[in-house]
Amino acid sequence: MKYIWLYNAVLIPFLGQAISFNDLSERAYTGSGELIQSHGQMEAIGFEKASVLAGEPLSIETSGRKINANDRADNGMEYGVMVDYTLKTPSLKSAQAYEFEVQKKMTQHEMFVQKGQIQVVLKRSWLMYQLEQERSVILTQKRDFSYKAYQAGEKKFKAGRLSQMELLRLESDYQSTLQEVAAVLMEAEHAQHYLKESVMSHDEVIVDDMKFDFIQSATLEEHVNNAPLLKVLNIRIEALDAQISTLRHSTIESVSLGLGMTQEPTQNSVDFRLSIPLAFSSKNENKIAALMSERSALVHLREVSKQKIQISVAGLVEHLKEREERIKILRENEKNYETLFIIAQKGYEGGVIGQFEYLASKNAYYDARLRTLQIKQNYIEEMSVIEEKIGGIW
């Protein structure tokens, strides 16, 4: 219980500023340069779509010529004016609109992936910060214990009951613990620094609803199917389908309509013109064939990539299971080392066990707790690798 109290004592000063992990994520999103750029791309796609699908501007064609007829009565000037309007075919407009929707979908997916990666790093940083805090508590206890042992050794040395070599050993142990505490506090500071930078704050960041836990492999298949790489390939295939559809509907891209009038010396006329461009050639067919070839390659790549991700993630999950078992075993060993230390302490107080044997049992207990934390750190790091592959926190 006293160890739990010591650990809580480290966190209590910051609980007044605690936030949820979702709030932390939202604050980090607002400061992400990648997300800011993606939002700009999303707006740009909307404007570009509106530009491409907008109607063509009207055009005015004018003409004039001097007429010299055989009959002088028919001589004079001829004037003409015609207003042209180009109308894009509805099927082509629909196909082009779909292309932009796919572009928008791709940008939205990129934003989703960016948010997922941000959460992965935030989770790792917070769990590592918690772990370094736990480690600092253990090392602080070890430091304080070493200092007390060194003080007791000094008294015994002055009384002639302890050799100088043994005193130097106690002093070296104490100095080592000082360096260990300094190192672990720096690691905790690094993790906290990233959290502060992410939310653009100088205040200590404390998350109140995120703690270390073992992942469950039952949802492995679902996570693999939702992997970012596979979704990107799906959208790229969809984009090629949209381009193919546009090419198939671009045989007749637009129809031009003209309405005007002509004034001649002897008559006036109302004119109408219809212009239908024809594109019957192998040009579009060759483009479609090229896109279909690229599409087939992407479909094959998607299947290969899925198999690779399944093998990779499944292997990493197996590693996590092994680490989970080791952590559970080490936690049980901690209890054994604690029992040995309690026995050694009673023996030391009763004069049965020497000081250095007593110190060794105490350090063994501390080291056992630190070994558990080291495997726990390995678990967090490997879990983070898996989450990067699946595009979000598990």
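Residue numbering note: each chain is counted from 1, following its sequence as written. Reporting of local features is limited, given that this is a predicted model, to residues whose pLDDT is at least 70; pairs of side-chain atoms are given and counted only at 80 or more, and all residues count toward the totals for whole chains, interfaces and linings. The side-chain quantities take in all heavy atoms of the structure and omit both hydrogens and water.

Numbering of helices and strands starts at the N terminus; helices are DSSP runs of H or I of at least 4 residues and strands are runs of E of at least 2. What the chain contains, in helices and strands, is 9 helices and 6 strands. Two things to know: the radius of gyration comes from C-alpha atoms, and the globule rule equals 2.2 Å times the number of residues to the power 0.38. Rg of the C-alpha trace for the chain: 38 Å, well past the compact-globule value of 21 Å for 394 residues, more than 25% over. Each principal axis of the C-alpha atoms in the chain carries an extent, and together these give about 145 × 40 × 35 Å. For every residue, the accessible area (1.4 Å probe, protein chains only) is compared with the maximum for its type, and the residue is labelled buried under 20%, exposed over 50%, or partly exposed between those bounds. Put simply, the chain has 394 residues, and 38% of those count as buried. Should any heavy atoms of two residues lie within 4.5 Å, those residues are counted as being in contact. Of the contacts made within the chain by residues no fewer than 6 positions apart, 81% connect residues no fewer than 24 positions apart. For the chain, the exposed area adds up to about 23300 Å²; of that, 54% sits on carbon and sulfur atoms. For the charge count, each Lys or Arg is scored as positive and each Asp or Glu as negative, with His and the chain ends excluded. Taken as the charge centre is NZ of Lys, CZ of Arg, CG of Asp or CD of Glu, depending on the residue. Measuring between centres, the 46 positive side-chain charges of the chain sit 5 Å from its 54 negative side-chain charges. Only the protein chains shown count as cover for residues, and the accessible areas themselves come from Shrake-Rupley with a 1.4 Å probe.

Among buried residues, the Ala, Val, Leu, Ile, Met, Phe, Trp, Tyr and Cys ones that are joined through side-chain atoms within 4.5 Å form a nonpolar core. Counting 43 residues, the largest nonpolar core has Leu 24, Leu 122, Trp 126, Leu 127, Phe 212, Val 313 and Tyr 379 as the members making the most contacts within it. Those elements that place two or more of their residues in this core are helix 2 (21-30), helix 3 (33-53), helix 4 (90-158), helix 5 (164-199), strand 4 (206-207), helix 6 (220-225), helix 8 (283-349) and helix 9 (355-390). Top element by residues in this core is helix 4. It accounts for 8 residues. When residues no more than four places from it in sequence are discounted, the contact partners of Val 313 are Leu 220, Val 224, Ile 386, Lys 389 and Ile 390. Within the second largest apolar cluster, 20 residues are counted, among which are Leu 139, Leu 162, Leu 359 and Leu 373.

Before going further, it helps to spend a moment on the sheet that holds strand 6 (residues 268-275). Backbone-to-backbone hydrogen bonds join strands into a sheet, with any given pair of strands oriented parallel or antiparallel. With antiparallel pairing, 4 strands are arranged side by side in an open sheet as 2-3-5-6. What marks the edges here is a single partner per strand, and that holds for strand 2 (59-67) and strand 6. For this sheet, the mean angle separating the axes of adjacent strands, direction not counted, is 15°. For two strands to pair, DSSP has to find at least two bridges joining them. In this sheet, strand 3 (residues 76-88) lies alongside strand 2 in antiparallel orientation, the contact comprising 9 bridges. Looking at strand 3, one finds that Lys 66 is bridged to Met 77. Orientation is described by lines fitted to C-alpha atoms, with helices fitted over the stretch in contact, and by angles between N-to-C directions that extend from 0 to 180 degrees.

What follows deals with helix 3. With 21 residues, helix 3 should cover 30 Å at 1.5 Å per step; its first-to-last C-alpha distance of 31 Å lies within 8% of that length. Turning to helix 3, its buried residues number three or more, namely Leu 35, Ser 38, Met 42, Ile 45 and Leu 53. The buried side chains of helix 3 occupy one side of the element, clustering within an arc of 60° when seen end-on. Along helix 3, exposed side chains directed more than 90 degrees from the buried face belong to Ile 36, Gln 37, Glu 43, Phe 47 and Ser 51. As for helix 3, its buried residues are in contact with helix 2 and helix 4. The span one expects for a helix is its residue count, reduced by one, times 1.5 Å. Here, the arc refers to the directions that run from the helix axis to the C-beta atoms.

What follows deals with the side chain of Glu 324. Here Glu 324 is to be found in helix 8. On the basis of relative accessible area, Glu 324 is assigned to the buried category, the value being 16%. When near neighbours in sequence (up to four residues on either side) are disregarded, Glu 324 contacts Phe 214 and Tyr 379.

Once that is clear, we can look at a negative patch on the surface. Surface patches are drawn from residues lacking salt bridges whose relative accessible area is over 30%; two like charges belong together within 9 Å, two nonpolar side chains (Val, Leu, Ile, Met, Phe, Trp, Tyr) within 5 Å. Any carboxyl oxygen of Asp or Glu within 4 Å of a side-chain nitrogen of Lys or Arg constitutes a salt bridge here. On the surface, a cluster of negative charge is made up of Asp 23, Glu 26, Asp 208 and Asp 209. Locating Asp 23 in the fold gives a position in helix 2. When its relative accessible area of 41% is taken as the criterion, Asp 23 is described as partly exposed.

We now examine the packing of helix 2 against helix 5. Direction vectors running N to C along helix 2 and helix 5 enclose 65°, while the axes themselves pass 7 Å from each other. Residues Leu 24, Arg 27 and Ala 28 of helix 2 lie in contact with helix 5, whose contacting residues are Leu 195, Ser 198 and Val 199. Classifying every residue of the contact of helix 2 with helix 5 gives 4 nonpolar, 1 polar and 1 charged. Charged residues are taken to be Asp, Glu, Lys and Arg, nonpolar residues to be Ala, Val, Leu, Ile, Met, Phe, Trp, Tyr, Cys and Pro, and polar residues to be all remaining types, Gly included.

A few words on the pairing of strand 5 (residues 254-263). In the sheet, strand 3 pairs with strand 5 via 10 bridges, with the strands oriented antiparallel. Bridge assignment links Met 82 to a residue of strand 5, and that residue is Gly 260. Sheet topology note: the strand 5/strand 6 ladder contains 8 bridges and is antiparallel. Paired with Thr 262 across the two strands is Ser 269, which belongs to strand 6. Following strand 5, the chain reverses through 4 residues before pairing antiparallel with strand 6.

This next bit is on the packing of helix 3 against helix 4. At a minimum axis separation of 10 Å, helix 3 and helix 4 run at an interaxial angle of 175°. Judged by the angle between their axes, helix 3 and helix 4 are roughly antiparallel. Here the residues of the contact of helix 3 with helix 4 sort into 9 nonpolar, 8 polar and 8 charged. Roughly parallel means an angle under 35 degrees; roughly antiparallel, over 145; roughly perpendicular, 65 to 115; everything else is oblique.

This brings us to a nonpolar patch on the surface. There is a patch of nonpolar side chains on the surface, built from Leu 58, Ile 60, Val 81, Val 83, Tyr 85, Leu 87 and Met 261 and spanning about 630 Å² of accessible area. Considering each element in turn, the nonpolar patch owes the most residues, 4 residues, to strand 3. You can see Ile 60 is positioned in strand 2.

Attention now goes to the pattern of salt bridges. Tallied over the full model, the rule gives 19 salt bridges. Linking Glu 388 and Arg 124 is a salt bridge whose minimum nitrogen-to-oxygen distance equals 3.4 Å. With Glu 388 in helix 9 and Arg 124 in helix 4, this pair connects stretches of sequence that are 264 residues apart. Exposure remark for Glu 388: the relative accessible area of 36% places this residue in the partly exposed category. Between Arg 323 and Glu 382 there is a salt bridge, and its shortest N-O distance comes to 2.6 Å. On the criterion of sequence distance, the pair formed by Arg 323 in helix 8 and Glu 382 in helix 9 is long-range, its members being 59 residues apart. By relative accessible area, Arg 323 is classed as partly exposed at 22%.

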